[in-house]
Amino acid sequence: MSIDKTSTPPKDEAVENPEAAAGADVAVDPRLLVREQGFAGYLTEFKRKMKAGDLGSLPVVVGLIVIWIIFQSLNSNFLTAGNLSDISVAMVGTGMIAVGIVFVLLLGEIDLSVGSVSGVAGATFAVLNITHGMNEVLALVLAVLTGTVAGAVHGFFFARIGVPAFAVTLAGLLFWQGFMLQILGSNGTINLDDGIVTNLTSYYFTDVAAAYGLAIVAVAGYFLTAYLGNRRREAVGIPSRPLSDIVVRTALLAVVSFAVAIVYNQYKGLPLAVVIFLAVLVISDFVLRRTAYGRKIFALGGSVEASRRAGINVEMVRISVFAIAGTFAAIGGLFVASKIASANQGAGTGEFLMNVIAAAVIGGTSLFGGRGRTWDALLGVLVIVSIQYGLALEGVGAPVQYMITGGVLLATVVIDAVTRKTQKTAGRA
C-alpha cells in the first residue's frame, strides 16, 4: 500500500492564502519517517514538532531533571533512596486527585471542589469506621461513593441546568467543606486505627523480587502492547513503527524501571501506594486513549457543537466526567488520611486544591481542553512534591514554597498558551 506524504489540491480549487499555504509545515506520520530515514527521521520529526509547538512532555521532563540537579547540588540527601521513596509515596494522594482533574480539563472545564470532596471522603471513612464501628471495607466503599455522588451532582447542575462549572464547583467547595466540619464534630480530628486505609501509604513489599518483578512486568507489558499494536497496523496497511524503534523505547523504559526498583530496594522496598497509583494511571490511560468513551471526552474538549452533531450524548459524558473527578478526589482523600493516619478539619484545604490543579497543568494537560494524558498527573505531581521536599530540606518556609510553585505554574500556563498559538499558526489546532 503506497501512502502519499503530501497532497496537492485540485487545480480547480482556489487557495485563499497562497503565501501561508506555501510555508505550511506538512505533517508526515512519524512512523514513516523513522522507517524510511532511521535516526535522521527522529531529527526530522523533532524539528517539525518544535516548529509546530508540539513539545509534549519534554519541557516537564527536562524541568524535573533540572530541579533534581539543583536540589542535589544544594543538599546531598535529596537524591538518596529514602528521600526519593518518601517523595513517591507523598505524591500519591495529590496525584490521584490530579488524575480526575485531567478528565475535567480535557473538557475545557475546571473543578474547584475536589479538595473539599477529598476531605469529606476521609472524614466519612473515619466517622463510619472509628466512631460508629462500621466494617472497614464497607466504610471505605461508602467513602469513595460519597465522592462519586458529589461529582455527579456537580455534573448535573453543569450539564443539565447549564450553570458554569466554575460556579457549581466553587459552591461545592464551600458546601463540602462545611459538611466535613459538621460530621467531624467539635473535636475536629479522628485518628485512624491500623488497617486497610492506614496501610495504603505505610505498607511496603520488602522482598526485592517485588520491585524487580514490577519493573519486568512494566517493560514486558509495554513491549508486547507496542509490538502487537504494530502487527495490527501492518495487517490493515497503515503506518507502523519499525521493530528497532520499539526495542529502543523498551530499552529506555527498562533503564528507568530498574533504576527505580534499585532505589526502592535500597530503602524499605516497593511502596503499595505507588503500585496502586501506577495501576490507576495505566487503566485510566487505556480508558482515555483506547475506548469510545475516551474519544468522546477528547471530542467534547475539541468542540461541543461538533460532538453533539456527531451523536454524542454531551450531557451524560459531562456528568460522568465530573463523577469520575469526584471518585478520584475521594480515593486521593483516603490516601491523604492514610499518610497522616487521621481525618481532620484541615484536609483538602489551603494550598492543596491549587497543588492538585497545578499538577495536572504542569504535567502537560491543556487548560483549553482537548489535549492531555493521565500520565501528566504523574509528571506534574513529581515536580510539585520534589520542589516541596527540596525546599524543606533547605529549611525554606511555606511562603517561599508557594511563590516558587506559583511561578512554575505560571511558566507552564504561558508555555501552554504559546504552544496553542503556535499550533494555530501551523494549522494544527
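Residues numbered from 1 in each chain as written. Predicted model: local features only at pLDDT ≥ 70, side-chain atom pairs only at ≥ 80, totals over all residues. Heavy atoms only, no water.

### Section: the side chain of Ser113
Heads up, the rule is: Secondary structure is summarised from DSSP: a helix means a run of H or I of at least four residues, a strand means a run of E of at least two, and numbering begins at the N terminus for each. Counting of polar contacts relies on pairs of N or O atoms within 3.5 Å, with two restrictions inside protein: one atom must be capable of donating a hydrogen and the other of accepting it, and residues adjacent in sequence are counted only when both atoms are side-chain atoms. Only heavy atoms enter the contact rule, under which two residues are in contact if any of them lie within 4.5 Å.
On the secondary structure map, Ser113 appears in the loop between α5 (81-106) and α6 (114-131). Within polar-contact distance, the side chain of Ser113 engages the side chain of Asp111 at 2.6 Å. Discounting residues that sit within four places of it in the chain, Ser113 has contacts with His154, Thr169, Gly172 and Leu173.

### Description of the confidence of the model for the protein
Spelled out, the test is: Per residue, pLDDT measures the predictor's confidence, with a range of 0 to 100.
Of all residues in the protein, 84% have pLDDT values of 70 or greater, and the mean over the chain is 85. Every residue in residues 1-26 scores below 50 in pLDDT, and together they form 14 contacts with partners more than four places removed in sequence or on other chains.

### Here's the deal with the packing of α5 against helix α17 (residues 375-393)
As a reminder of what qualifies: Structural elements are reduced to axes, namely lines fitted to C-alpha atoms, with helices fitted over the stretch in contact, and the angle between N-to-C directions of any two is expressed from 0 to 180 degrees. Any angle that is under 35 degrees is reported as roughly parallel, and any over 145 degrees as roughly antiparallel; angles of 65 to 115 degrees are reported as roughly perpendicular and all others as oblique. Left-handed is the label given to a crossing in which the near helix is rotated counterclockwise from the far helix by less than a right angle, and right-handed is the label when the rotation is clockwise. By the convention adopted, Pro, Cys, Tyr, Trp, Phe, Met, Ile, Leu, Val and Ala count as nonpolar, Lys, Arg, Asp and Glu as charged, and the other residues, Gly among them, as polar.
Between α5 and α17, whose axes approach to 8 Å, the crossing angle comes to 140°. Between α5 and α17, the angle is such that the two are oblique. Crossing hand, α5 versus α17: right-handed. Seen from α5, the contacting residues are Asn83, Asp86, Ile87, Ala90, Met91, Thr94, Gly95, Ala98, Val99 and Val102; seen from α17, they are Ala377, Leu378, Val381, Leu382, Val385, Ser386, Tyr389 and Leu393. Of the residues belonging to the contact of α5 with α17, the class tally is 13 nonpolar, four polar and one charged.

### Considering the pattern of salt bridges
Counted only if it meets this: One speaks of a salt bridge when a side-chain nitrogen belonging to Lys or Arg is within 4 Å of a carboxyl oxygen belonging to Asp or Glu. We call a residue buried when its accessible area falls under 20% of the maximum for its residue type, exposed when it is over 50%, and partly exposed in between, using a 1.4 Å probe and counting protein chains only.
Taken as a whole, this structure holds six salt bridges when the rule is applied. Its salt-bridge partner being Asp285, residue Arg289 comes within 3.1 Å of it at the nearest N-O pair. Of this pair, Arg289 and Asp285 both sit in helix α12 (residues 272-290), four residues apart, roughly one helical turn. Judged by its relative accessible area of 43%, Arg289 is partly exposed. Between Asp376 and Arg373 there is a salt bridge, and its shortest N-O distance comes to 3.9 Å.

### Some details on helix α4 (residues 58-74)
For clarity, the cut-off: Helix span is expected to be 1.5 Å times the residue number reduced by one. Here, the arc refers to the directions that run from the helix axis to the C-beta atoms.
With 17 residues, α4 should reach 24 Å at 1.5 Å per residue; the first-to-last C-alpha distance of 25 Å fits that figure. Every buried residue of α4 is accounted for by Val60, Leu64, Ile67 and Phe71. The buried residues of α4 occupy one face: seen down the axis, they fall within an arc of 60°. Turned more than 90 degrees from where α4 packs its buried face, Ile69 and Ser73 sit exposed. Against the buried residues of α4 lie α16 (352-363) and α17.

### Here we look at the packing of α6 against helix α15 (residues 314-340)
Following both chains from N to C, one finds α6 and α15 inclined at 55°, their axes separated by 7 Å at the closest point. In terms of orientation, α6 and α15 fall into the oblique class. Relative to α15, the crossing made by α6 is right-handed. On the side of α6, the interface is formed by Val114, Val117, Ser118, Ala121, Gly122 and Phe125, while α15 contributes Ala325, Gly326, Ala329, Ala330, Gly333, Leu334 and Ala337.

### Considerations on the packing of aromatic side chains
Each aromatic ring pair is specified by the distance between its two centres and by the angle formed by the two planes. Operational definition: Centre distance within 6.5 Å is the pairing criterion for rings of Phe, Tyr and Trp, where only the six-membered ring of Trp is used; planes under 30 degrees apart are then read as stacked, over 60 as edge-to-face, and the remainder as tilted.
Summed over the entire model, instances satisfying the criterion amount to nine aromatic pairs. On the numbers, 5.8 Å between centres and 90° between planes, the contact of Trp176 with Phe179 is edge-to-face. Here Trp176 pairs with Phe179, and both are found in helix α8 (residues 165-184), just three residues apart, close to one helical turn. A network of ring pairs unites the aromatic residues Phe175, Trp176 and Phe179 as a single cluster.

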